[in-house]
Amino acid sequence: MRDEAIIRAIQRGDEGAIAGVITRYARLMWSVAGSVLRGVGSDQDVEECVADVFVYLWQHPDKFDPRRGSLRSWLAVVARSQAVDRCRALARSAALPLDDGAFIAQAGLWDGMLREETKAALASAIKTLDQPEQEIFLRRYYYDQKPKEIALALDIPGKKVENTLYRAKRKLRAIIAGYEKGGPL
């Protein structure tokens, strides 16, 4: 059955048509969603993304435009979008509050290296970063995410992640240096 015919059948509420689409494209959707969520989400997260793709198709078949590409391609884009959204939701739910500086105390690689004053200064300095810088910095140095993972999760270019990290580190160094010289934080 051609893509347009499948969409018309789904618009009429033909459950056989959607079942056929699921059978035909489920493995591809698993592959797409799995590649985005690898290392971030569980198999259950991938499964939910794949299910969400087919639910979206069932509820919004009119969103597919055959002039812009095949149903297969469109579904892959929807799967990627669902997985990126899930990745962001997982990151938000795992985020630690910055108010108490607890994330610095829990960072094992810094334990023993920094005095308590410096830890507090670093926590305060991180709070001064703009929101995108702060999130990218914490993802990289607290959650130990690679720049590519961060770029994928935030849907921004990898080079932007690297540049943001560079600028954030420079800002933090300047702030900490000023603090250690007795300046205000």
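Residues numbered from 1 in each chain as written. Predicted model: local features only at pLDDT ≥ 70, side-chain atom pairs only at ≥ 80, totals over all residues. Heavy atoms only, no water.

Any two aromatic rings considered together are summarised by their centre-to-centre distance and by the angle between their planes. Applying the stated criterion across every chain yields a total of 3 aromatic pairs. Ring centres 5.9 Å apart and planes at 65 degrees place the aromatic pair Phe-64 and Trp-74 in the edge-to-face group. One end of the pair, Phe-64, is in the loop between α3 (43–59) and α4 (71–94); the other, Trp-74, is in helix α4, and 10 residues separate them in sequence. An aromatic cluster of at least three residues, connected via ring pairs, comprises Tyr-56, Phe-64 and Trp-74. It is Arg-140 that lies over the ring of Tyr-141; its NZ or CZ is 5.7 Å from the centre. (Phe/Tyr/Trp six-rings, centres within 6.5 Å; stacked < 30°, edge-to-face > 60°. Helix = DSSP H or I, 4+ residues; strand = E, 2+ residues; numbered from the N terminus. Lys NZ or Arg CZ within 6 Å of the ring centre and 35° of its normal.)

For the rest of this paragraph, the subject is the pattern of salt bridges. Taken as a whole and assessed by the stated rule, the structure comprises 11 salt bridges. With its nearest N and O atoms 2.7 Å apart, the salt bridge here joins Arg-86 to Glu-48. Of this pair, Arg-86 sits in helix α4 while Glu-48 is found in helix α3, placing the two residues 38 residues apart along the sequence. Among the salt bridges present, the one from Arg-140 reaches Asp-144, with a minimum N-O distance of 3.6 Å. Among the residues examined, Asp-144 registers a relative accessible area of 53% and is labelled exposed. Among the charged side chains, a salt-bridge network with shared partners connects Asp-45, Glu-48, Asp-52 and Arg-86. (Salt bridge = Lys/Arg side-chain N within 4 Å of Asp/Glu carboxyl O. Buried < 20%, exposed > 50% of the residue type's maximum accessible area, 1.4 Å probe, protein only.)

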